[in-house]
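Residue strings, one per chain:
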Amino acid sequence: MKGKSPKDSHTIMNELVLPNDTNTLNNLMGGRLLHFMDIAAAISAQKHCNRIVVTASVDNVSFHHPIKLGDVITIEARVSRAFTTSVEVRLDVYAENIPSGTKVKSNDAYYTFVALDQNGRAIPVPALIPESPEETELFEGALRRRQLRLVLAGKMKADDATELKALFFATEKK
Ligand SMILES: CC(C)(COP(=O)(O)OP(=O)(O)OC[C@H]1O[C@@H](n2cnc3c(N)ncnc32)[C@H](O)[C@@H]1OP(=O)(O)O)[C@@H](O)C(=O)NCCC(=O)NCCS
């Protein structure tokens, strides 16, 4: 299977924050943003895999700035690494207030998707070939993030998480 570049899965999604998306403070609800992010990430994963994909996990997400009613959110998604049947998608979220001309980064996150065949079984995906230094950094960090999420999901023994252990060992020596 031919490898793909992160450009192949690059996806940009825009949404206008409407009253039905907000809480009583007129800020975008966190869960609504996670929903928009899931859609952008799924489109990106599908572009990479050319398959139906399902969300396997969402890493912890922190919301740094409230997003206000009337703001425009921009979600950029691209595959940061492909494994055997799963892909990690990196998301960057921005909030723009068009009348005031301000745009701030709200948060970033990683979603993991598994590609499925017609019978709903996990199926191998194309490799991801990073090109820029930033893409290479995301690609390398993905192994560590994968181990952390699989350990937390009870799908990997902490003892087998070699990348994670190396990280903690390096920190201890400082
Ligand atoms: C995600 C799902 C397909 C995994 O199936 P599974 O039989 O448990 O998983 P397997 O052990 O065969 O692994 C399949 C892949 O999923 C990955 N995976 C499984 N659980 C994961 C998790 N919690 N986080 C990240 N990746 C995960 C595995 O690492 C593996 O990827 P790889 O082949 O690239 O190494 C299955 O749990 C599922 O269908 N879940 C529901 C998905 C869904 O409906 N999502 C929408 C939200 S309701």
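Keep in mind that this is a model prediction, so the values were computed, not measured.

Student: So what exactly am I meant to see when it comes to the nonpolar core here?
Tutor: The nonpolar side chains of a soluble globular protein tend to be buried with one another. Ranked by size, the top nonpolar core spans 30 residues in total, and within it I75, V87, V89, L91 and F113 carry the most contacts. Secondary structure elements with two or more residues in this core: α1 (30–49), β3 (72–82), β4 (86–97) and β5 (102–116). In terms of residues, this core owes the most to one element, α1, which gives 8 residues. Apart from residues no more than four positions distant in its own chain, F113 is found in contact with D38, A41, A42, A45, V53, V54, T55, A56, T85, S86, V87 and V89.

Student: Sorry if this is basic, but what is going on with the pattern of salt bridges here?
Tutor: Close approach of charged atoms lets side chains of opposite charge pair. A full pass over the atoms with the stated rule returns 11 salt bridges. Here E88 and R145 are joined by a salt bridge, their closest N and O atoms 2.8 Å apart. Highlighted residues: E88 in strand β4 and R145 in helix α2 (residues 133–152), separated in sequence by 57 residues. The class of E88 is buried, set by a relative accessible area of 0%. Owing to a relative accessible area of 16%, R145 belongs among the buried residues under this scheme. Of the charged contacts in the structure, one is a salt bridge between E88 and R149, with a shortest N-O distance of 2.7 Å.

Student: Is there a simple way to explain the packing of aromatic side chains in this structure?
Tutor: Where two aromatic rings form a pair, the distance of their centres and the angle of their planes describe that pair. One pass over the full model with this rule turns up 1 aromatic pair. With 6.4 Å between their ring centres and 15 degrees between their planes, Y111 and F113 make a pair best called stacked. Owing to a relative accessible area of 1%, Y111 belongs among the buried residues under this scheme. Seen from the ring of F139, R81 lies directly overhead, with NZ or CZ sitting 4.0 Å from the centre. Across the ring face of F83, the terminal group of R146 is positioned such that the distance to the ring centre comes to 4.5 Å.

Procedures and definitions
Residues numbered from 1 in each chain as written. Predicted model: local features only at pLDDT ≥ 70, side-chain atom pairs only at ≥ 80, totals over all residues. Heavy atoms only, no water. Core = buried A, V, L, I, M, F, W, Y, C linked by side-chain atoms within 4.5 Å. Buried < 20%, exposed > 50% of the residue type's maximum accessible area, 1.4 Å probe, protein only. Helix = DSSP H or I, 4+ residues; strand = E, 2+ residues; numbered from the N terminus. Contact = heavy atoms within 4.5 Å. Salt bridge = Lys/Arg side-chain N within 4 Å of Asp/Glu carboxyl O. Phe/Tyr/Trp six-rings, centres within 6.5 Å; stacked < 30°, edge-to-face > 60°. Lys NZ or Arg CZ within 6 Å of the ring centre and 35° of its normal.

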